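The chain contents come next:
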Amino acid sequence: MGSMSATTQNLIQFVQIHFAQLVSKGRRGPLLAALLAIVVALPCAMMMPPLDRDESRFIQASAQMIETHDYININVQDVPRYKKPVGIHWLQVAAVKLTSNVAKRDILAFRWPSILGAALAAFACAWGASYAFGTRVGTKAGIIFAVTFMLSTEAFIAKTDAVQCGFITLMMAALAHIYLRTRDLGKDDPRPKMHGVKLIFWLALAGSIMIKFIIGPMILATTLLTLWAWDRKIRWARNMGWGWGLILVALICGPWIMAITVTTDGQFWVGAVGKDFADKLKGGSEGHFMWPGYHLALLPITLFPAAWFLGGALQTAISRRHEAAIRFAVAWFLPAFLIFELMPTKLPHYTLPTFAALVWLCAVSLDVPLKLWAKCLNTAAGIIGGLVLSALAIAGYVLYGTPAALVFAIAVILSALVLGGFGGWLIWVNRQRAGFAFILAAGILTHLAFVSELAQLKPLWISRQLEVALVTAHLDPRHDLRTPGPVAIIGYSEPSFVFAMGTKTQLLNDDVKGAVRALREGRPLFVESQFENAFQAEAARQGLKPHAVTQVKGHNYNGHDQVLILYDNPPAP
C-alpha cells in the first residue's frame, strides 16, 4: 500500500509540474486549444464514413455546386434544399478545391470546415476566458472545450454545427471584451479603442448568419437583454459600432440573400422559414420532439468530460454572480439554453453554441473551494456521463460488433470510468490541477475510442458495403468502363450512397418497373428484400431472368435491418 501511495503521489506531482509549465505560457493558450481540437477531430474525420442523413445531404449539395458551377442554388440531385444558408457549402467547396477533387468523393476534404470550426470555437473560448478570468483559467477553458464530447463529435461531421459554434463563440468572446471594458465607464469617461475586437464581433456575427441564419442573432439578443435586465443599464452597448457594423453584415450577407431570392422566386424563404424553421417551432420536426428537460438530462454526456465540473460551475455561478465576467457567462448560457429547452424540436447538438459559457464557469470553479453539494453534483454528473457512454459502447459491440470493436469498447470503459473516476476523486480531495489533467485525458481517450469502435460496426455502414460490393464484383461504373451507369437501387435511398456513387445515382424508391428497366439496360441494380418478390414477378413478365451477384446485409440506423441483392444482367447485344 505504501509503495502504491508513493507511486500515485509521484504521478500526481509529475502531472502538476508539467501542466503548470503548459499553462504558464498564457499567450499560447488559445492556439493550444485550437490545436487540441484538431488533433482530437482529425483521426475521427479520417476513419468515419459519410453519415446519413444530414451530413451526406450537405456534402452532396456541395459536390453538385462544384459539378454544375452553380454556387447560388442548393440542390441534392434534382431536389432543391431550402433549409440553411449557403455559407457551409461555400466553405466545403473551397476545402475540396484546395485539398482534393470532387470526383474522388474524399469525405475528409468536405469535413475540413467543421474541423477548423471546432478549432475556432476552442480558440475563441480560450481567448474570451483569458481576458475575463486570466490566461491560466482561459487556457483550461479552451482545452476542456476542445475535447467536450459534443464539440469533438460535430468537428468530424461535415454540416453546419461546428462551424456555427466557432463563429458564435468568437462573436460572444468579442462581446465579452467590449462588455468588460466599457460596462462601468461613466458618461464622460474616455472610451477605449477596440476597433479590432469590434471588427471580429461583426465578422463573426455575419459568419453565423451565413451558416444558420437565426441562432447567432438569437443568442446575441438574449444575452444583451439579460444583461440589461440584470445590470439595469445598457449604455455600454453603444460602444459596439452599430452603424458600420450592421452595414458590414449587410455587405457580407446581402448579395447571396438577394441572389437566392431572385433565383428561386422567393421559394427559398418559403422552405427555410415558412417550413423548416416554422416546423421546429410548431412541433417535433422530422420526428425529433422531446419534452423540456431533454438538453439538461443530456449535459453529462454532451459536455463530457467537463461533466465532472458541473457542480463547481453551478456553485461559481451562484456565489460569484455579482462579478461582471461571471454575469456575462450566465447571461450567455442560461436564456439561450432555456429557449432550446422550450422548443418542441430537440437534437443533442442544438445547445452547443452555449457550451463555451458553461465551460468558462467550469474552469473558474477549479480555483474555488467547493461545497459538499457541488462535489456531489460533480461526481454524479461525471459518473452518469461515463456510464452512459460505456453502456453505448457495450451495446454497439453486442449488437453489431467485431473483436476489434470489443477492444475499443473496453477502452471506452477504462477511459470514461476508471481514468475519469480517478480524476474526479482528485477533484474531490482538492487536487484540482492533477484532477483536471486526468479528466482531460479521459475525455480525449474516451472520444477517440468511442468513434474508433463506431467505425468498426460494419453492419451500420450499408452504403460503404454497397460500394465495396460493386468494386469487388467489378461493376462500379466509375472504374469499369464496360459497366454502364448510373447504378440503380430500389428500397434504399440514403444520401450517403448518392454521394459515394455520384450525382446521377438512380434512387428508384418503390418503382419496380424502373428497376427492371435498369436491369434491361445492363446497369448494376440493388434490390431491397421487401421488393424482391414484386421485382422478380415484373422481370418474369418482361421475359428477363435476373442474375444475382452478391448480397449485402446491414442495419440502417435511420430505420431497420435491410438486405440488398446486387443484380448484373449484361445488356443484350
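For the structure itself, look to the data block above.
Residues numbered from 1 in each chain as written. Predicted model: local features only at pLDDT ≥ 70, side-chain atom pairs only at ≥ 80, totals over all residues. Heavy atoms only, no water.

Caption draft 1: Summary view of a nonpolar patch on the surface. Judged by side-chain polarity, Leu199, Leu203, Trp244 and Ile252 come together as a nonpolar surface patch covering roughly 330 Å² of accessible area. Those elements that provide at least two residues to the nonpolar patch are α9 (195–212) and α11 (242–263). Looking at where tryptophan 244 falls in the secondary structure, it is placed in helix α11. (Patch = residues over 30% accessible without salt bridge, like charges linked within 9 Å, V, L, I, M, F, W, Y side chains within 5 Å. Areas by Shrake-Rupley, 256 points an atom, 1.4 Å probe, with all protein chains shown as cover. Salt bridge = Lys/Arg side-chain N within 4 Å of Asp/Glu carboxyl O. Helix = DSSP H or I, 4+ residues; strand = E, 2+ residues; numbered from the N terminus.)

Caption draft 2: The arrangement of the sheet that holds strand β4 (residues 506–509) in detail. If you trace the 5 strands from one edge of the open sheet to the other, you get β4-β3-β5-β7-β6, paired in mixed fashion. Pairing within the sheet leaves two strands with one partner each, and these edge strands are β4 and β6 (548–555). Direction aside, neighbouring strands of the sheet carry axes that sit 20° apart on average. Both strand β3 (residues 488–490) and β4 contribute to a ladder of 3 bridges, which runs parallel. Residue isoleucine 489 lies in a different strand from β4, and its bridge partner there is leucine 507. (Pairing = 2+ DSSP bridges. Axes fitted to C-alpha atoms, helices over the stretch in contact; angles between N-to-C directions.)

Caption draft 3: Representation of the packing of aromatic side chains in the model. Tallying each qualifying case throughout the model produces 22 aromatic pairs. Feature note: the residues Phe133, Tyr179, Trp236, Phe328, Trp332 and Trp360 constitute an aromatic cluster, connected by ring pairs. Here arginine 81 stacks its cationic end above the ring of phenylalanine 58, 4.9 Å away from the centre of that ring. (Phe/Tyr/Trp six-rings, centres within 6.5 Å; stacked < 30°, edge-to-face > 60°. Lys NZ or Arg CZ within 6 Å of the ring centre and 35° of its normal.)

Caption draft 4: Summary view of the pattern of salt bridges. By the definition in use, this model includes 17 salt bridges. Close ionic contact of lysine 159 with glutamate 154 constitutes a salt bridge, the shortest N to O distance being 3.1 Å. Note on glutamate 154: relative accessible area 4%, which makes it buried. Of the charged contacts in the structure, one is a salt bridge between aspartate 231 and arginine 327, with a shortest N-O distance of 2.7 Å. Taken as a pair, aspartate 231 in helix α10 (residues 215–231) and arginine 327 in helix α15 (residues 324–342) lie far apart in primary sequence, 96 residues in all. The pair aspartate 231 / arginine 327 is uniform in exposure class, with both members buried. Sharing partners across several salt bridges, the network here consists of Arg183, Asp184, Asp231, Lys233 and Arg327. (Buried < 20%, exposed > 50% of the residue type's maximum accessible area, 1.4 Å probe, protein only.)

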